[in-house]
Amino acid sequence: MDAKKGDWVRIHNIVLKPEERSPHLPEDTQKVPLEMWVKGFLLNEEANIGDEVEVETYIGRKAKGTLVEVNPYWKHNFGKAVPELLYIGRQLRDMLAEDGE
Amino acid sequence: MTRDMSYEAVMARKGEIMRKAIGIDYDKFESGGIAFDYERMMRETGYSLQEIQKIQSETGVGNTPLLELKNLTKLARKLAPKGKGARIFIKDEAANPSGSFKARRAATACYHAQKLGYKGVIAATSGNYGAAVASQAAMRGLKCIVVQECYDSRGIGQPEIIEKARKCEAFGAEVLQLTVGPELFYTFLILLEETGYFNASLYTPFGIAGVETLGYELAMQFREREGRDPDAVVVTNAGGGNLTGTARGLMKAGAQSQIIGASVDLSGLHMASDIHFNRKSFTTGHTGFGIPFATWPDRSDVPRSAARPLRYMDRYVTVNQGTVFYMTEALAQLEGIERGPAGSTSLAAAFAIAQEMDEDQIIVVQETEYTGAGKHIQPQLTFARENGIEILLGDPTEEIPGKNIILPKDPSYIKKNELDVNKLRKSYIKNCIHNNNVERITDEDIKFLAEDTKSSIEFVKETLNEIGVQY
């Protein structure tokens, strides 16, 4: 069992299959479904990843979908080193210092 | 009773859903043709400047600092011909509660929703507006849902959009994230129908009126500090609301400043393309929104958009992604202010335009936005590289969006590209004819088109002659 009632989870859903999508899309987008993710408290007694479940979102709305994550967290960060940026500060400070101040 | 929830059926209920979710009867302002009474719509459904100042002060929005960028001005003067190089100022809108000028729009939307008795608000946005609505909703005890276009079909999310989702959640909002596609609107309509919440659209009269205080404050702050109005105001342009509201506020203060729109050049990338989605390093403030919304503002999520940039724009320039990244770094390194990259679009443009202006003139960058994990040049460039974009040093005018990002070799390579505003005006007139399916247009329509494009009756007639439309 991956999650029990009340656990904070993330669910996933297919909103529109490729054939149900708007006809006015670029070819690459037309070929893939419209997908959705939302988080909430699990309403089922228990569930495993991949099960169809129902959740109550943070504001109290109910939503159904496939359980994909338990205790989801954000993984974005400040990126890796980008050495290409390092010249900018030194270059600008040097230019301003050229006045002999 | 089970409602038909298919794409076609929900889209067909759009008018009915929207009426309930905004509470504005747009038909009142229609003339039956191209024209509609814009000023009456703004007057009767919006709020006065004084009312908005009061609403915004209730939740700590506005009155943001005006800073002079002395080192960047000095740098611009080193590059400019003798006697040129206007003083560059910036309005630090990141000081608003949610970290961007969007708090101004959200403040009036949430106030209005609360006044009309709605229990919650919904916003469809991948931008700073989501956090702004979530923040204002938190202050007013309203529930909030933010719908984002966030991932491509591989499930890979744009770091900047992910950060905005995090911020919305921090304010207690529900964030519903979708993959690429304009059918976000379909999900949005379903949520409005299901919850009965208020549509906190970016494009309502009160949303736009919320930005008027920004323009008004600019004029007042400059008069107090410098005894005069700024000569030019540069506005990052996407959906047109920032430009429209700021220009209207300046006009209400009686200022005659030149209004310059600025967008990041993303030409060649399709905004609804799953593959292109993660090949761009800017999620807003770019030409992919700026040009379509300028030339057809009524494409928005309300029947008549209150954001009409061509009505107020004097000039429109573009800058490259690499240039904006460089200027974001320059702002931190020379002025000690670390702000988000998208908000630096107008800064990059202002730095180039200042070099054409006289030393005693003033140019102002009218916004900044907060920076953070994901919403920063380093994660953006890391992400770009992981998505196959080359990062180069050289001449940014050679940049190909979706293929490379070219950082200027030195600040003399910071240039802006001037767009032909008359061409955009003509394109807007053509879209009005085409989208309204009219073959003959009235004097009232001509007058409206002249006002809505800041041109003249002659210009509109000349355009109609060119495309063979009778009047």
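Here's the deal with the overall build of chain B
- Across its full length, chain B holds 18 helices and 13 strands.
- Taking 2.2 N^0.38 as the reference for a compact globule, 471 residues should give roughly 23 Å; the C-alpha atoms of chain B span a radius of gyration of 21 Å, in line with that estimate.
- Its C-alpha atoms put chain B at 70 × 50 × 45 Å along the principal axes.
- With 471 residues in all, chain B has 59% of them scored as buried.

Examining the domain arrangement of chain B
All names here are of chain B.
- The domain architecture assigned to chain B consists of domain 1 (7-55 + 100-204), domain 2 (61-97 + 206-418) and domain 3 (424-467).
- Of note, the centres of domain 1 and domain 2, computed from C-alpha atoms alone, are 24 Å apart.
- Taken together, the contacts link 46 residues of domain 1 with 44 residues of domain 2.
- If you list the elements that add at least two residues to the side of domain 1 that touches domain 2, you get helix H2 (14-22), helix H3 (38-45), helix H4 (49-58), helix H6 (102-115), helix H7 (128-140) and helix H8 (159-170).
- Ranked by residue count, the leading element in the side of domain 1 that touches domain 2 is H6, at seven residues.
- Looking at the side of domain 1 that touches domain 2 residue by residue, the classes come out as 25 nonpolar, 16 polar and five charged.

Looking at helix H11 (residues 241-252) of chain B
Residue and element names in this part refer to chain B.
- Given a rise of 1.5 Å per residue, twelve residues ought to cover 16 Å, and the 16 Å separating the end C-alpha atoms of H11 matches this to within 8%.
- Summarising burial for H11: ten of the twelve residues are buried, a large majority.
- For H11, the elements touching its buried residues are H6, helix H10 (205-226), strand E7 (232-236) and strand E8 (258-264).
- The positive-phi residue at the C-terminal boundary of H11 is Gly-254, with phi of around 85°.

Here's the deal with the environment of Arg61(A)
- By the secondary structure assignment, Arg61(A) is in the loop between strand E5 (52-56) and strand E6 (62-70).
- Counting along the chain gives 21 residues from Arg61(A) to Gly40(A), while the straight-line C-alpha distance between them is 8.8 Å.
- What Arg61(A) contacts, discounting residues up to four positions off in sequence, is Glu174(B) and Thr195(B).

Some thoughts on the interface of chain A and chain B
- Tallying the contact residues gives 35 residues for chain A and 49 residues for chain B.
- Of all elements in the fold, only strand E2 (8-16), helix H1 (27-30), strand E3 (34-42) and helix H2 (87-97) of chain A reach the threshold of two or more residues within the side of chain A that touches chain B.
- Element by element, the count of residues in the side of chain A that touches chain B is highest for H2(A), at seven residues.
- Residues belonging to the side of chain A that touches chain B are distributed by class as follows: 19 nonpolar, eight polar and eight charged.
- As paired strands, E3(A) and strand E5 (residues 174-179) of chain B are joined by two bridges and run antiparallel to one another. Bridge pairing in E5(B) links Met36(A) to Leu178(B).

Description of the pairing of E6(A)
Residues and elements named next belong to chain A.
- Two elements, E2 and E6, share four bridges in a ladder whose sense is antiparallel. For Ile-11, the partnering residue across the bridge sits in E6 and is Leu-67.
- Pairing between E5 and E6: five bridges, direction antiparallel. Residue Val-55 lies in a different strand from E6, and its bridge partner there is Ala-63.
- With antiparallel pairing between neighbouring strands as the criterion, E5 and E6 make up a hairpin whose turn holds five residues, including Gly-60 at a positive phi of roughly 100°.

Regarding helix H13 (residues 321-335) of chain B
- The end-to-end C-alpha separation of H13(B) is 21 Å, in line with the 21 Å expected for 15 residues at 1.5 Å each.
- Counted residue by residue, H13(B) has twelve buried out of 15 residues, so it is predominantly covered.

Criteria and cut-off values
- Residues numbered from 1 in each chain as written.
- Chains lettered and ligands numbered in written order.
- Predicted model: local features only at pLDDT ≥ 70, side-chain atom pairs only at ≥ 80, totals over all residues.
- Helix = DSSP H or I, 4+ residues; strand = E, 2+ residues; numbered from the N terminus.
- Rg over C-alpha atoms; globule rule 2.2 N^0.38 Å.
- Buried ≥ 20, exposed ≤ 12 C-beta atoms within 10 Å, placed from the backbone.
- Domains from an automatic or database assignment.
- Contact = placed C-beta atoms within 7 Å.
- Nonpolar A, V, L, I, M, F, W, Y, C, P; charged D, E, K, R; others polar.
- Expected span 1.5 Å × (residues − 1).
- Pairing = 2+ DSSP bridges.

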